[in-house]
Amino acid sequence: MPRQELVHTIARLKADRGAIILAHNYQPPEIQDVADRLGDSLDLSRFAATATEKTIIFCGVHFMAETAAILSPDKKVILPDPKAGCPMADMMCAEDLVSVKKLHPGAVVVTYVNSTAEVKAETDICCTSANALAVVNSVPEGKKVIFGPDRYLGAWVAGQTTREMILWQGYCPTHQKIYPDEIDELRKVHAGAVVMVHPEVNPGVAAVADVVLGTGGMLAYVEKSPARTFIVGTEAGMVYRLQKRFPDRTFIPASERALCPNMKKISLEKIAKSLETLAPVITVEPRVADRARTAIRRMIETT
Ligand code: 13P
Ligand code: SF4
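Residues numbered from 1 in each chain as written. Chains lettered and ligands numbered in written order. Predicted model: local features only at pLDDT ≥ 70, side-chain atom pairs only at ≥ 80, totals over all residues. Heavy atoms only, no water.

Opposite charge on two side chains makes pairing possible when the charged atoms of those side chains draw close. For the structure on display, the rule yields 16 salt bridges. In this structure, Glu122 engages Arg291 in a salt bridge whose closest nitrogen and oxygen atoms are separated by 3.5 Å. Taken together, the positions of Glu122 in the loop between α6 (117-121) and β6 (125-127) and Arg291 in helix α14 (residues 286-302) put the pair 169 residues apart, joining distant regions of the chain. On the accessibility criterion, Glu122 (16% relative accessible area) is buried. A salt bridge links Arg293 to Asp290; the shortest N-O distance between them is 2.9 Å. With Arg293 and Asp290 both in helix α14, this residue pair falls three residues apart, about one helical turn. Here Asp290 falls in the partly exposed class, since its relative accessible area comes to 41%. Beyond isolated ion pairs, a larger network of salt bridges with shared partners links Lys101, Glu122 and Arg291. (Salt bridge = Lys/Arg side-chain N within 4 Å of Asp/Glu carboxyl O. Helix = DSSP H or I, 4+ residues; strand = E, 2+ residues; numbered from the N terminus. Buried < 20%, exposed > 50% of the residue type's maximum accessible area, 1.4 Å probe, protein only.)

Given below as structure tokens:
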């Protein structure tokens, strides 16, 4: 089907179904263009919980749709491609977390939302890239923090807090494709550009950046910044998001290779099919969901 026809079909089916389309900032341009709401992980979860629509088409990766499903058990949360996972989330399993908790009795478990529902169920409080430092600082002084799965987000927070942190060793393969020497080269070509990077990057990359921010933070930063040109050190889909929101500024990806293959699994065809079939629905076993919800809600109440 030609693209325009698909877009019309999606709009018609969405109205028929009373559905809403949410999309993460890394989604391909054509998906961003049909979304009712674009955002970072935190924003989308919050929005999903307050939306009046009972059917949510979640264009992102599995943990994001799962988080929305946990927060909104009364809604149908559909992920157009159920294989759109997050390799970092898969680097931490609940059984291992339980073992580490036993080694550190009394430690507080802070888990990045890029994690499975089972891991969240073993967590005291979740965080996103937007609030990780604030969440860790909310842990009483003197208590150890077990932090996972992202070792780089963890190390970035550890460098700014007085809490003792035990770091899981997960990482995002996409963000590891961004290199400091490439940023140095881009700075030479674009004199005066501001370098913004995501806290999932390697510490060597964070060290050459002007600011370290989650995707929502990047949008807010550009809004207030007098700079005209920005080098963007995160998944390259963010460049389209920024460019569309700020057409009078220039955004350059720090690496064209930093593409998350899972984020790119969502397509207009799959969205249309999901609206037609109302599948695949993301569900979480109620016992797991109830415990995971407590950890997510604590985060929302803290920040
Ligand atoms: P944000 O919460 O900053 O949007 O990041 C989500 C993510 O998956 C980063 O790789
Ligand atoms: Fe996971 Fe990295 Fe993709 Fe984000 S960019 S969803 S952390 S693999």
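Once you've had a look at it, read on.
Taken together, His24, Tyr26, Asp40, Ser41, Met64, Asn114, Ser129, His175, His198, Glu200, Gly214 and Thr215 form the complete shell of residues around ligand 1. Ser41 places a side-chain nitrogen or oxygen 2.7 Å from an oxygen atom of ligand 1. Between ligand 1 and the protein, one listed contact pairs an oxygen atom with a side-chain N or O atom of Thr215 at 2.6 Å. For ligand 1, whose unbound accessible area comes to 310 Å², protein coverage reaches 96%. (Near = heavy atom within 4 Å. Polar contact = N/O pair within 3.5 Å; in protein donor to acceptor, adjacent residues only side chain to side chain. Areas by Shrake-Rupley, 256 points an atom, 1.4 Å probe, with all protein chains shown as cover.)

With that out of the way, let us pick up the packing of aromatic side chains. Taken as a whole and assessed by the stated rule, the structure comprises two aromatic pairs. Ring plane angle 20° and centroid distance 5.4 Å describe the contact between Phe230 and Phe251, whose orientation is recorded as stacked. Residue Phe230 is located in strand β11 (residues 229-233), and its partner Phe251 is located in strand β12 (residues 250-253); the two are separated by 21 residues in the primary sequence. Both residues of the pair, Phe230 and Phe251, belong to the buried class. Centre to centre, the rings of Phe246 and Phe251 are 6.4 Å apart; their planes meet at 45°, and the pair counts as tilted. As far as the burial class goes, Phe246 and Phe251 line up, both buried. The structure contains a cluster of three or more aromatic residues connected by ring pairs, namely Phe230, Phe246 and Phe251. (Phe/Tyr/Trp six-rings, centres within 6.5 Å; stacked < 30°, edge-to-face > 60°.)

For the rest of this paragraph, the subject is the sheet that holds β12. Pairing in this open sheet of four strands is parallel, and the strands run β10-β9-β11-β12 from one edge to the other. Two strands bound the open sheet, and with one partner strand each, they are β10 (211-212) and β12. Pairing geometry for β11 and β12, over four bridges, is parallel. Residue pairing across strands places Ile231 opposite Ile252, the latter belonging to β12. Contacts between helix α9 (residues 180-189) and the sheet are confined to β9 (194-197), β11 and β12, with β9 contributing the most and set at about 150° to the helix. (Pairing = 2+ DSSP bridges. Contact = heavy atoms within 4.5 Å. Axes fitted to C-alpha atoms, helices over the stretch in contact; angles between N-to-C directions.)

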